[in-house]
Amino acid sequence: SGAGGSTSGDSGALTLATGTVTSGTVGTISLSPGGVAKLTSDSTGVFITRSVEANTAGVGSPNILTAAETWKVLTNEGATAQNYHTLPTAAVGLVFTFVVQDSDGMRIVADAGNTINVDGALSAVAGYAESTTIGSAVTLIAINATEWVALAFTGSWVVS
């Protein structure tokens, strides 16, 4: 129940207009006019879960990310060669986090027409950011239809 909430059949999907949906003692889901969703537990405050995927895709067959995977955390755990990811076309608000756990490293490639900016270092169009330093991590957000910008990063990232 609540302002602007509706469910879609038996799929469990929820469409939410600006407002709040409350579900008994479970908590609330709210959407601000700016499109920011917040899930709040009645007893513990705000909580969000994110999926974590160990991925070993290489240069010959990179992991092609989709917009539907936004908020995913990707690692190169178990890689036997450099791990490659291709970002989806930038769309405002998409977010991905990448963590280097294996010294084979990781390369994140921008889609055609897009760039990646890590700490002021701007890639070429369809360029990349990469690291071979264990413990390096970067969270990228699309700030418009062409630019991925690091919200946060640690370790050493080469941008080209």
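Residues numbered from 1 in each chain as written. Predicted model: local features only at pLDDT ≥ 70, side-chain atom pairs only at ≥ 80, totals over all residues. Heavy atoms only, no water.

In this section: the pattern of salt bridges. When charged atoms on two side chains of opposite charge get close, those side chains can pair. For the coordinates displayed, the defined rule picks out three salt bridges. The closest approach of N and O atoms between lysine 72 and glutamate 69, which form a salt bridge, is 2.8 Å. Given the relative accessible area of 12%, lysine 72 is considered buried. Put simply, Glu53, Glu69 and Lys72 are held in one network by salt bridges that share partners. (Salt bridge = Lys/Arg side-chain N within 4 Å of Asp/Glu carboxyl O. Buried < 20%, exposed > 50% of the residue type's maximum accessible area, 1.4 Å probe, protein only.)

Moving on, we come to the environment of glutamate 147. Note that glutamate 147 resides in strand S17 (residues 147–154). Sequence separation between glutamate 147 and serine 123 is 24 residues, and the spatial gap between their C-alpha atoms is 9.9 Å. Apart from the residues lying within four places of it in its own chain, the contact partners of glutamate 147 are Ala90, Thr115, Ile141 and Ala142. A distance of 2.4 Å separates the side chain of glutamate 147 from the side chain of asparagine 144, its partner in a polar contact. (Helix = DSSP H or I, 4+ residues; strand = E, 2+ residues; numbered from the N terminus. Contact = heavy atoms within 4.5 Å. Polar contact = N/O pair within 3.5 Å; in protein donor to acceptor, adjacent residues only side chain to side chain.)

Quick look at the pairing of strand S16 (residues 137–142) now. Counting buried positions along S16 gives six out of six residues, so the element sits mostly inside the fold. Neither face of S16 is exposed, since Ala137, Thr139 and Ile141 on one face and Val138, Leu140 and Ala142 on the opposite face are all buried. Where strand S11 (residues 95–99) meets S16, five bridges bridge the pair, whose relative direction is antiparallel. Following the sheet pairing, threonine 97 is matched in S16 by threonine 139. Examined bridge by bridge, S16 and S17 share six bridges and lie antiparallel to one another. (Pairing = 2+ DSSP bridges.)

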